[in-house]
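Survey of secondary and tertiary structure
This is what each chain is made of:
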Amino acid sequence: MKRNVIVSSPGKLIIGGEHAVVYGRRALVTSIGMRLYMQLTAEEQTNEPTSPVLKVSFQDTNQQHLIDLSNIQNSYPIEIQGILFVYNHFKSFVSDRSQLNIQVHSEIPIGAGLGSSAAFSVCLVGCFYLLYHKTLNREDINELSYKVECIFHGTPSGIDNTISTYGQSLVYSRAVKKHINFRLSNLAIIDTGIPKSTKRMVELVRLFVESNQQEGERILNDVERCVDSMIEHSEQIDQLFQENQQLLKCLGVSTLEIDNIIEILAKKNISAKITGAGGGGCLIALTSCFTKDQILDLLQDNHIKSIAFVECGVEGLREEQTF
Ligand code: PMV
């Protein structure tokens, strides 16, 4: 017998409050119209006794992994470790004769701060949940996908998996998770193409906050105030983008390249800020009356990898009919 489920979940943009959210402050986050799709197939082997096998295919990179589930090793790539963690959680439901097949494809760029790993974690848990419990219980899925995120990133705040699970826009802190009606039209994502490491940036901020306790606290509180204003006074969003960017710079996560891009945009009255961990990755810009080509022209000497306009506040984890 063959059983098959398909799910998808979105990437995200942190509009304000990244890093401060690690210290319990409120952040504003929105899901975006770029999704990761995952298909999980479980097939019972009816012929001679076999050991259970897991096959994983990443379609975008053409990578395939074949894992003998009766002989699990310690040396798998990190994404396979995440899959095996979830497999272990559902193991009691999986028959010894099962062949599991996971296929993944994604519209979310990897390592750009747009939530690709969280979408992967959420879809992974979502697939197993749907196949073995026949429902998508978001609370359970969010909780377990956070644990997968911890395998990938240490101790993240949980903002990425939460927005990918629930979708729309959220005010998020470790204590609060509240949907709000927040949408920005003409929000451009500018991918600097500079690789970044969330772990390294979070560590950098931790060092800063620990060695400058008073100043660190003040900055974190200012970031939270800035986020609250973004929610309550969205008409001031341009100014608030600039303020949040200044505070991120004080925390040490901007770079010369990022400052340069932001300065060029500012000369055209385009407000922009880091989204996510910083040190590279993506910026978001409020491009009220500029086209993608105009912004590209403006930034042509700055080695920009891509610019995209995205829909915000989209649906979270959902079941799909086609892969
Ligand atoms: O991995 P990124 O670039 O989406 O950054 C995550 C946001 C941080 O606040 C820097 C870390 C966290 O866990 O919230």
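Residues numbered from 1 in each chain as written. Predicted model: local features only at pLDDT ≥ 70, side-chain atom pairs only at ≥ 80, totals over all residues. Heavy atoms only, no water.

For the chain, the name recorded in an unreviewed UniProt entry is Mevalonate kinase, with Rotaria socialis as its organism. Recorded under Sequence similarities (unreviewed entry), the UniProt text for the chain is reproduced unchanged: "Belongs to the GHMP kinase family. Mevalonate kinase subfamily." According to the UniProt record, the Catalytic activity (unreviewed entry) comment for the chain is "(R)-mevalonate + ATP = (R)-5-phosphomevalonate + ADP + H(+)". (UniProt positions renumbered as here; feature names shortened; annotations may be inferred.)

**As for the UniProt feature "domain: GHMP kinase N-terminal" (unreviewed entry) in the chain**
In the numbering adopted here, UniProt assigns the feature "domain: GHMP kinase N-terminal" (unreviewed entry) to residues 95-167. Helix makes up 58% of residues 95-167 and strand 12%, and the two end C-alpha atoms of the span are 33 Å apart. (Helix = DSSP H or I, 4+ residues; strand = E, 2+ residues; numbered from the N terminus.)

**Topic: the layout of surface pockets**
By volume, the largest pocket is sized at about 1,200 Å³. Surrounding the largest pocket, 49 residues form its lining, S116, S117, E149, F152 and H153 being those nearest its centre. Counting only elements with at least two residues in the lining of the largest pocket, the list comes to β1 (2-16), α1 (78-90), β5 (98-106), α2 (116-133), α3 (138-153), α4 (159-166) and α5 (198-211). By residue number, the principal contributor to the lining of the largest pocket is α5, which donates 5 residues. A breakdown of the residues in the lining of the largest pocket according to their chemical character gives 19 nonpolar, 20 polar and 10 charged. Counting only domains with at least three residues in the lining of the largest pocket, you end up with domain 1 (2-183) and domain 2 (187-310). Roughly 210 Å³ of volume is contained in the second largest pocket. Taken together, the elements giving at least two residues each to the lining of the second largest pocket come down to α7 (237-251), α8 (256-267) and β9 (271-275). In terms of residue class, the lining of the second largest pocket is made up of 4 nonpolar, 5 polar and 3 charged. (1 Å grid on protein atoms, 1.4 Å probe; cavity = no way out; pocket = protein on both sides within 12 Å on 5 of 7 lines; lining within 4 Å. Points joined across faces, edges and corners; volume = space filled by probe spheres on them. Nonpolar A, V, L, I, M, F, W, Y, C, P; charged D, E, K, R; others polar. Domains from an automatic or database assignment.)

**Notes on helix α6 (residues 213-232)**
One turn of an α-helix holds 3.6 residues; hence residues three or four places apart share an orientation. Under the 1.5 Å per step criterion, the end-to-end length of α6 is 29 Å for 20 residues, consistent within 8% with the ideal 28 Å. By the burial criterion, the buried members of α6 are G216, I219, L220, D222, V223, E224, C226, V227, D228 and M230. (Expected span 1.5 Å × (residues − 1). Buried < 20%, exposed > 50% of the residue type's maximum accessible area, 1.4 Å probe, protein only.)

**Observations concerning the side chain of T165**
In this structure, T165 sits in helix α4. Using a relative accessible area of 0% as the deciding quantity, one classes T165 as buried. Within the structure, the side chain of T165 is placed 2.7 Å from the backbone oxygen of N161, a separation counted as a polar contact. Contact partners of T165, with chain neighbours within four places excluded, come to V122, R138, N142, S145, G316 and L317. (Polar contact = N/O pair within 3.5 Å; in protein donor to acceptor, adjacent residues only side chain to side chain. Contact = heavy atoms within 4.5 Å.)

**A few points about the site of the ligand**
K12, S157, K196, T198 and A277 are the nearest of the 15 residues found near the ligand. At 2.7 Å, a side-chain N or O of T198 approaches an oxygen atom of the ligand. For the ligand, whose accessible area on its own is 380 Å², the fraction buried by protein is 94%. A molecule is said to occupy a pocket when more than half its atoms come within 2 Å of that pocket's grid points, and by this definition the ligand occupies the largest pocket. When residues of the shell around the ligand are traced back to their parent elements, those giving at least two are β1 and α4. Here the shell around the ligand is built from residues that sort into 6 nonpolar, 5 polar and 4 charged. (Near = heavy atom within 4 Å. Areas by Shrake-Rupley, 256 points an atom, 1.4 Å probe, with all protein chains shown as cover. Sits in = over half its atoms within 2 Å of the grid points.)

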